[in-house]
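# Observations on the model geometry
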Amino acid sequence: MCGIIGYTGSRPAGPLLLECLRRLEYRGYDSAGIALFDEQQQLYLARAEGKLDNLANRVEGRLPPAAAGIGHTRWATHGAPSDRNAHPQLDPSGRVAVVHNGIVENFEALRQRFTDRGDSFASDTDTEVLAHLIVDALDGGADLADAVRRVIGETEGAYSLVAITVDEPGRLVAARVGNAGGIVVGHGEGGADEQFVSSDLAAILPLTRTVTFLGPGEVVDVRADGVTLTDADGRAIERAPEVQPFDPVAAAKGRFRHFMLKEIHEQPDAALDAIRGRYLLDPPRVEIESFGFDEARVRDINRVVLVGMGTSLYAAMIARHYIERFARVPAEVDNASEFRYRRPVLDEHTLVISVGQSGETVDTLAAMEEAQRAGCAQLTICNTPGSQATRLADSTVLIRVGPEIAVASTKCLIGSIIALHAAALQLGRLRGVLDESTAREEIESALHLPAALGEALLLEDRVRELAARYAQFDDFLFLGRGLSYPVALEGALKLKEVSYIHAEGYAAGEMKHGPIALIDERMATVAIAVRDEVREKMRSNIEQVRARRGPVLALTSAGDESLEGVADDVLVIPAFDGALAPAVSLIPLQLLAYHIALERGADVDQPRNLAKTVTVE
Ligand code: AGP
């Protein structure tokens, strides 16, 4: 959710923090702010409601020379987006400034404690109590790191923070409490005495690749010439920094108007990256370099539970088919936010597969912790090396599609589907239940996938035309069956995320059981009726919608003309056999959402109310 950045060193901190905030803005854009030490070593604070540009305009020409400071982009939880609720938040005397991500659950009780003794509060945020608590501890003789550790003991909830104090300009203390988003420290390169602290690796990678990730319950004391890592009780932790790869091109918008469009167009290459080295033909097999389960462990598994949220949940729904089809293990899917609250029955014979772009989604991490308590085997499918999901799981299959910046996920879904397909094939082989001809068919079709995705992108002009007409509808149904059911859910999610149009995805067979009551000439239906074993049934569902005067846009596979004249509009997508077919259907739906959003003048890359990484429950 919120983006956090801190810097201490000898470079001008203000411009550096603003530069990093640009890379963090995708995490939240309700407001932004920075706190620096000015020439008198007093705190200079600037905050502005709305996008980062508002802050940048406000500080232009006014930034004091400073060699340390903190910055924040906000996704509001407590208190409306406004200047006064923007971070950094200060204590009443201006001695301490804090940026924060996540939620302090007992903030009301804490706030009451301070108001009872006469302290005033300037915001509606839960963050502000952190500044009060830190000052309280400083007044009691603690130094900044001790004060932050004490705060951890007094607060409930999951969050991360960075604090600074005028007592010691140049020192930052950061903490990660639970799983509400990570903290990564970037160490100055080439012997430079400087350090960065951030919620996101991507924000600091252009500045340093040598980093240390914090685990839950860890505190880092940061000075320009070095850092000290401890647990919440102050016990020292030794952790060698790691070096992360950085591809400067991957994080740039290039010739595209929006990151979302760029990432949609990257999908053929992303698929290639996801497949490379893992799908092998002679003999046909999948080999995932990091797959951490041997034959005995895999044979011991009698059930698979897949968890994720949003788009990643839909990838998990597709993968349920893969696991059952190729590994012949009973598989179920759970929305991670519901999973732990229904006391799931789990044991060491259960394999829990979590799916996520960020590896920091709090609901998914909570589900993983539940699985860990029950002794389950855990595999995570993740696009972010070093994230908390990769640390919690026994084994990680990296999605390998490069950074995804647009809030609306596109290429990561394609990559997750491939990684899950590969994992299911590998599980099937290790369990001895995958026959060679199925393996060959799936591997050959996977190798054709990047080309099919490229062909699907050629439909963009036609999709743009359709978008111009369909943008007038305020309500959409997306229908699909089998593997296309999660595709329908994703089509609806993409449309609502970027265009704010009401859209619902349904299993097409479910339509008659209620949603059909909504159908009239003002409700558009997008039907995914590609070549598969349930296509004829999809055709009947389309007829049922048309019989009630509902306009239908149908996706069909090349070579199938039978829907011409049945649906109002037919979008012919490349024919693709094999379990990875949903990846091909997704491209026109992503393009449709994108172009409808443009027609409606929506902010495609930063849709209202959303955040890229959701670190609050
Ligand atoms: C996708 O377009 C969304 N913005 C959202 O549903 C996302 O997929 C979800 O928040 C899960 O994130 P994760 O993959 O990082 O866990």
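Summarised in this report is the structure supplied together with it. Everything quoted here is computed from the prediction, not taken from an experiment.

What follows concerns the overall build of the protein. When helices and strands are tallied, the protein shows 19 helices and 26 strands. The C-alpha radius of gyration computed for the protein amounts to 25 Å, which stays within 12% of the reference 25 Å derived for 617 residues, consistent with globular compactness. Put simply, the protein has 617 residues, and 62% of those count as buried. Here the protein has roughly 22600 Å² of accessible surface; of this, 47% comes from carbon and sulfur atoms.

We now examine the environment of Leu130. In this structure, Leu130 sits in helix α4 (residues 127-139). Put simply, Leu130 and His100 are 30 residues apart on the chain and 8.8 Å apart in space, counted from C-alpha to C-alpha. Apart from residues lying up to four places away in sequence, Leu130 is in contact with Val98, His100, Val104, Val151, Thr155, Tyr159 and Leu161.

With that out of the way, let us pick up helix α5 (residues 144-154). By the burial criterion, the buried members of α5 are Leu144, Ala145, Ala147, Val148, Arg149, Val151 and Ile152. On its buried side, α5 packs onto α4, β7 (159-165), β8 (172-177), β12 (218-223) and β13 (226-231).

With that settled, the discussion passes to the sheet that holds strand β6 (residues 96-102). As summarised here, the arrangement of the 6 strands in space is β5-β6-β7-β8-β12-β13, forming an open sheet in which the pairing is antiparallel. A single partner strand is all that each edge strand has here, and the edge strands are β5 (89-90) and β13. Relative to β13, β12 runs antiparallel, the two being bridged by 6 bridges. Residue pairing for β13: Val219 is matched across the bridge by Thr230. Sitting on the sheet, α5 is in contact with β7, β8, β12 and β13, with an inclination near 150° to β7.

For the rest of this paragraph, the subject is the sheet that holds strand β3 (residues 43-49). Judged by pairing direction, the sheet is antiparallel, and its 8 strands sit side by side in the order β3-β2-β4-β1-β10-β9-β11-β14 without closing on themselves. Two strands bound the open sheet, and with one partner strand each, they are β3 and β14 (242-243). With 6 bridges connecting them, strand β1 (residues 3-8) and strand β4 (residues 68-74) associate as antiparallel partners. Paired with Gly3 across the two strands is Thr73, which belongs to β4. Across the sheet, helix α1 (residues 13-24) is in contact with β1, β2 (31-37), β4 and β10 (195-198); its angle to β1 comes to roughly 155°. Packed onto the sheet, helix α2 (residues 52-59) meets β2 and β3 and runs at close to 135° relative to β3.

Further remarks concern the site of the ligand. Taken together, 15 residues form the shell around the ligand, and within it Ser312, Gln357, Ser358, Thr361 and Glu497 come nearest. Between the ligand and the protein, one listed contact pairs an oxygen atom with a side-chain N or O atom of Ser358 at 2.6 Å. Contact between the ligand and Thr361: an oxygen atom at 2.5 Å from a side-chain N or O atom of the residue. Expressed as a share of its isolated accessible area of 410 Å², the protein-covered part of the ligand is 91%. Secondary-structure elements contributing two or more residues to the shell around the ligand are α10 (310-327) and α17 (484-499).

Attention shifts here to the packing of aromatic side chains. Scanning all chains against the criterion turns up 8 aromatic pairs. Here Phe473 and Phe476 contribute two aromatic rings whose centre-to-centre distance is 6.2 Å and whose plane-to-plane angle is 80°, an arrangement assigned as edge-to-face. Exposure remark for Phe473: the relative accessible area of 11% places this residue in the buried category. Taking the relative accessible area as the measure of exposure, Phe476 reaches 0% and is therefore buried. Taken together through their ring pairs, the aromatic side chains of Tyr470, Phe473, Phe476 and Phe478 make up a single cluster. Across from the ring centre of Phe114, 5.4 Å away, lies the NZ or CZ of Arg113, which sits over that ring.

Parameters and conventions
Residues numbered from 1 in each chain as written. Predicted model: local features only at pLDDT ≥ 70, side-chain atom pairs only at ≥ 80, totals over all residues. Heavy atoms only, no water. Helix = DSSP H or I, 4+ residues; strand = E, 2+ residues; numbered from the N terminus. Rg over C-alpha atoms; globule rule 2.2 N^0.38 Å. Buried < 20%, exposed > 50% of the residue type's maximum accessible area, 1.4 Å probe, protein only. Areas by Shrake-Rupley, 256 points an atom, 1.4 Å probe, with all protein chains shown as cover. Contact = heavy atoms within 4.5 Å. Pairing = 2+ DSSP bridges. Axes fitted to C-alpha atoms, helices over the stretch in contact; angles between N-to-C directions. Near = heavy atom within 4 Å. Polar contact = N/O pair within 3.5 Å; in protein donor to acceptor, adjacent residues only side chain to side chain. Phe/Tyr/Trp six-rings, centres within 6.5 Å; stacked < 30°, edge-to-face > 60°. Lys NZ or Arg CZ within 6 Å of the ring centre and 35° of its normal.

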